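Analysis of the macromolecular model
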Amino acid sequence: MRETFLSISIRIFLVSLAWSCMPLKAAQPSPTIHLIPQPQEIQVGEGTFLFSPSTTIGVAHPSQQPVIQLFVDALRRDFGFTSKMVSTDQADIRIITDSSLADESYILDVDTKHITIRSAGNSGVFYAIQSLRQLMPTQSPWCVPAVTIKDSPRFGYRGVMIDVARFFTPKDHLLQIIDCMSMLKLNRLHLHLTDDNGWRIEIKRYPRLTSVGSKRVVRPGKLFPERRNPEPGEPVYEKGFYTQTDIREIVSYAAARQIEVIPEIDLPAHSNAALAAYPALKCPVVDQPTGVLPGLGVARAKIIFCAGNDSVYSFLHNVLDEVMELFPSHYIHIGGDEADKTYWKRCPRCQARMKHEHITNEEDLQGYFMSQLAQYIRSKGRKVIGWDELTNSQTLPEGAVIFGWRGMGQAALKAARQGHPIVMTPAQKLYLIRYQGPQRFEPITYFGNNTLKDVYDYEPVQRDWTSAITQQLLGIQGSLWTEFCQTTADVDYLLFPRMLALAETAWTMPVHKDWNRFLKATDNYCEQLGNMGIVPARSMFNIQESVVPHNGKLQVALDCIRPDVQIRYTLDGTPPSPTSPLYTSPLEVSTDVTIQAATFRDNHQEGETLSFPIHWNKATACPIKTMGATLPYTLTNGVRGTMKYTDSEWCSWNNTDSASFIIDLQRIQPIKYIRLGCINNYGVAVHRPAQIDVLASKDGRKFRPIATYQCDEADLFADGTFREDLSFAFQSKARYVKIQVRGAGICPPSHVRPGQKSRFFFDEVIVE
Ligand code: ACM
Ligand code: ZN
């Protein structure tokens, strides 16, 4: 007897190696079906379809042949099968056209004799086959469980962006990413082809775009934000671009897998690579050299295309002609993000253009610039996409699709209210450059965390959205910026497994999402990725600690985003093992201790070992009074920060010029020294303070100075990333200790971030 269709509680099958092909008896455990993304409906049947090396596949229409051929090829490659295509009525696997189904939808019906796929067109057939592939075991017997799946995507736009400008990912790696995307039913690959750091697409009419624009200097051992700008004439070693032949191959490889490749030519900013090649296209007032930037650029990133020069428009039309010829996509992305207007404000040509067009400010000049290009693209029958800064000007280019990225992507809503379609790729949730787990264990990158769970739990449609806004939402995109990638393995690490969560969030209706089921499917899928030579991150198994002062003690919470693991810990300096105490609730600590913990499943350690000492001193767990601080409690929580100032163990202040805080030691007592933990991170302008004054008080009202630190001028803006303790020795008796800090101020001209305000961070105040 068949079960009825269940939307939420789906009976689960296990496609395991040990599973026989006998029809299931009632007492047998149900095998688990691992599918990502989870289909909208699954009805589990009885028995299995036994695949054989000669299972035949029926083609109802010649247009289906390429899609079926891919499946036949995969069966040959993965299993050594020699499946043949035959006419539908004789086939074991039958494809039936059902025009009542929506585009991309499919019904996959597996019984003991046949597999039947129904869909309106090729995309549905392709997606049914992807589900079927995930149902197939990896070894003989080749049984597929009897099942009926009725499936359709939540969103039409299910995208991944790869920044191939910062790190040039070679063509073959891109093809592998396309393979993975297609298995997960992701259907848009947005290629960020151009930026300050490289121009990655051959344009025949302008060969210097690649002969100059795809090459840059190297800064060995320096992270992206620390890299200095190139000097004129400096030799360039790092290079790479896609030839037009490569692009055609990528586009057709993707199209065969139901993926549209959307090119982005980022304009008018993020254009130093293009302007290094064709410097006449920048504003004539630019007073710095132009080169392909190896890092952030800072002042150089202000160099953008001139909006008042007609040659710029004809140049870009010519570039776009070749781009549109190579990419048959519905959409062409023209960027629009982070355009600094410093030079437009000073440029006589830009100002003349504003006067001529009755434009009163530079934001609207950008609106004009983008609209000129958008009109050109529209005249060729394509649609334009831009980042959410396009909403800064009064008029958005007609019909432009806006990508919401800043914060939670809310700027895109302004566009949606004006009737523009939007795609959500909010930095706080879907920027895959961010840390995907506890930062102690992660390679260095930017910003905060976007864990696998953050991506999985992301819900683009907010409660306060009107139905008019919701209707404008085309879908979502995970965006991978590659500032910190040096190898293709780095790209894979950031993409996987978060791409799986992205796929399910984009495809599956929220009511069918289930974190626990998804994790099981993820484990299964990661094995498949391993077979493809991809090493996914295991950050989801790592433990995040949080140590918070509470009533004069410390509460230590240990958390892992996977509920299906056990956290075991030790306090005696030994490594955690499957028999170590089980963590069930926060631990209370009131002395020196080293906490070690790890996650376990079936007696097997899954994550890395977390190990950190808590050093108890006179300030530990004492209350702190301060204003405008982020994470002030970390100053007295006994735990030291890592080399990542975003790891949640560092305290900072909104006011970067100065700050002060008072620690209440709870009773008057002798104190003889203070150590203050600082971090220096040159690339992001985090530096030791210029001056620190320590004051003491018995009553909390009258403070007297007891020690001072003054940084030598030469050490103020030190290069590199390092931690140091600033120590103050004295003899005093006090209950209250006040620390007054003056920041290092503005980064000097020789700094990688000249003119930028520096910041200061402390992780701990140690009082003895
Ligand atoms: C962006 O992150 N600048 C779109
Ligand atoms: Zn100009």
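Residues numbered from 1 in each chain as written. Chains lettered and ligands numbered in written order. Predicted model: local features only at pLDDT ≥ 70, side-chain atom pairs only at ≥ 80, totals over all residues. Heavy atoms only, no water.

Quick word on helix α17 (residues 515-531)
Here α17 is 17 residues long and its end C-alpha atoms lie 24 Å apart, about the 24 Å a rise of 1.5 Å per residue gives. Those residues of α17 that are buried lie in contact with α2 (122-135), α3 (171-183), α13 (452-457) and α16 (498-507). Capping the start of α17 is the job of one residue whose side-chain oxygen sits 3.0 Å from the backbone nitrogen of N516: D514. Looking one or two residues beyond α17, the residue adopting positive phi is G533, at roughly 85 degrees. (Helix = DSSP H or I, 4+ residues; strand = E, 2+ residues; numbered from the N terminus. Expected span 1.5 Å × (residues − 1). Contact = heavy atoms within 4.5 Å. Polar contact = N/O pair within 3.5 Å; in protein donor to acceptor, adjacent residues only side chain to side chain.)

Overview of the environment of V323
Examined against the element boundaries, V323 turns out to sit in helix α7 (residues 310-326). Sequence separation between V323 and I203 is 120 residues, and the spatial gap between their C-alpha atoms is 7.8 Å. With near-sequence residues (within four places) excluded, V323 lies in contact with I201, I203, P263 and I265.

Observations regarding the pattern of salt bridges
Overall, the coordinates contain 37 salt bridges when judged by the stated rule. For E459, the salt bridge identified is with R154, shortest N-O distance 2.9 Å. Taken as a pair, E459 in the loop between α13 and α14 (467-472) and R154 in the loop between β7 (143-151) and β8 (157-163) lie far apart in primary sequence, 305 residues in all. A residue is classified by how much of its surface remains accessible, and R154, at 21% relative accessible area, is partly exposed. Notably, a salt bridge pairs R353 with D310, separated by 2.6 Å at the nearest N-O pair. Separated by 43 residues along the polypeptide, R353 in helix α9 (residues 348-356) and D310 in helix α7 bring together distant segments of the chain. Its relative accessible area of 52% is what places D310 among the exposed residues. (Salt bridge = Lys/Arg side-chain N within 4 Å of Asp/Glu carboxyl O. Buried < 20%, exposed > 50% of the residue type's maximum accessible area, 1.4 Å probe, protein only.)

With respect to the layout of surface pockets
A volume near 890 Å³ is recorded for the largest pocket. H270, L296, E338, Y446 and F447 are the residues nearest the centre of the largest pocket, which is lined by 34 residues in total. Looking at side-chain class alone, the lining of the largest pocket contains 15 nonpolar, seven polar and twelve charged residues. Approximately 640 Å³ is the volume attributed to the second largest pocket. Along the wall of the second largest pocket there are 25 residues; nearest its centre are A74, R77, D78, R133 and M183. When contributions to the lining of the second largest pocket are tallied by element, the ones reaching two or more residues are α1 (65-79), α2, α3 and α17. (1 Å grid on protein atoms, 1.4 Å probe; cavity = no way out; pocket = protein on both sides within 12 Å on 5 of 7 lines; lining within 4 Å. Points joined across faces, edges and corners; volume = space filled by probe spheres on them. Nonpolar A, V, L, I, M, F, W, Y, C, P; charged D, E, K, R; others polar.)

Everything listed is a geometric property; what it means functionally is a separate question.
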